Amino acid sequence: MAAQATATATATATANAQRGSSFLQIAIALQTLTIFLQAVSAGLLLTSSYGETLHSVGARVMYGASMLYVLAAVLAWKPGGGSLRPVWHASGFLVLASVQVVLGIAHVPSVHLPLGVLMFGLSVLALVRR
């Protein structure tokens, strides 16, 4: 009877860990997509009248996606007691996103643009490594 209860608990923990990992994968993919769309809207910013609005809205969505990544990383870590590495990666990304927003508001394109490229590369790397 005890062995059956242990097996059931293990199966439940495994299912929860897989669900958390799937949510984490989706959060990283969403973040990567929003960063890519920010690059597209940056191009529109230079060529159209509505580009600034799109880039501004996209910045908020990208920041929200970065917060979702942190939440997903914590939820994937906490139930299974796994590695904290994804939480640190997600938190670092949120810091980069915060710096990116500040640089964008301050109109410092010499740092804002390369940081955006770096963030996209790091997000793709995180997506591939998951």
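1. Looking at unusual backbone geometry
Item 1. The backbone of H107 sits at a positive phi, close to 55°, despite the residue not being glycine.
Item 2. For H107, the position within the fold is in the loop between α3 (85-105) and α4 (109-129).

2. Let's talk about α4
Item 1. The end-to-end C-alpha separation of α4 is 30 Å, in line with the 30 Å expected for 21 residues at 1.5 Å each.
Item 2. If you check which residues of α4 are buried, you get H112, L115, G116, M119, S123 and A126. Buried residues of α4, viewed axially, fall in a sector of 110°; they line one side. Exposed and facing more than 90 degrees away from the buried side of α4 are S110, L113, V117, V128 and R129.

3. Some words on a nonpolar patch on the surface
Item 1. Taken together, the side chains of L30, L33, F36, L37, V40 and F120 present a nonpolar region at the surface, about 500 Å² in accessible area.
Item 2. Looking at which element gives the most residues to the nonpolar patch, the answer is helix α1 (residues 2-47), with five residues.
Item 3. The topology assignment puts L30 in helix α1.
Item 4. L30 sits in the partly exposed class, given a relative accessible area of 36%.

4. Some details on the packing of helix α2 (residues 51-77) against α3
Item 1. Remark: α2 packs on α3, axes separated minimally by 8 Å, with the N-to-C direction vectors making an angle of 165°. In terms of orientation, α2 and α3 fall into the roughly antiparallel class. α2 and α3 meet at a crossing whose hand is left-handed. For the pair α2 and α3, the contacting residues are M62, Y63, S66, M67, Y69, V70, A73, V74 and W77 in the first and P86, V87, H89, A90, S91, F93, L94, A97, S98 and V101 in the second.

5. Describing α3
Note on helix geometry: an α-helix contains 3.6 residues per turn, so any two residues three or four positions apart are oriented the same way.
Item 1. Between its first and last C-alpha atoms α3 spans 30 Å; for 21 residues at 1.5 Å apiece the expected length is 30 Å, and the two agree.
Item 2. Backbone geometry just after α3 places H107 at a positive phi near 55°.

6. A word on the packing of α3 against α4
Item 1. The interhelical angle for the contact between α3 and α4, taken along N-to-C directions, is 155°, at an axis separation of 9 Å. Here α4 runs roughly antiparallel to α3, going by the angle between their axes. Crossing of α3 over α4 shows left-handed handedness. Across the interface between the two elements, F93, L96, A97, V99, Q100, L103 and G104 of α3 pack against V111, H112, L115, G116, M119, L122 and S123 of α4.

Thresholds, definitions, all that
Residues numbered from 1 in each chain as written. Predicted model: local features only at pLDDT ≥ 70, side-chain atom pairs only at ≥ 80, totals over all residues. Heavy atoms only, no water. Helix = DSSP H or I, 4+ residues; strand = E, 2+ residues; numbered from the N terminus. Expected span 1.5 Å × (residues − 1). Buried < 20%, exposed > 50% of the residue type's maximum accessible area, 1.4 Å probe, protein only. Arc of directions from axis to C-beta. Patch = residues over 30% accessible without salt bridge, like charges linked within 9 Å, V, L, I, M, F, W, Y side chains within 5 Å. Areas by Shrake-Rupley, 256 points an atom, 1.4 Å probe, with all protein chains shown as cover. Salt bridge = Lys/Arg side-chain N within 4 Å of Asp/Glu carboxyl O. Axes fitted to C-alpha atoms, helices over the stretch in contact; angles between N-to-C directions. Parallel < 35°, antiparallel > 145°, perpendicular 65-115°, else oblique. Left-handed = near helix turned anticlockwise from the far one by under 90°. Contact = heavy atoms within 4.5 Å.

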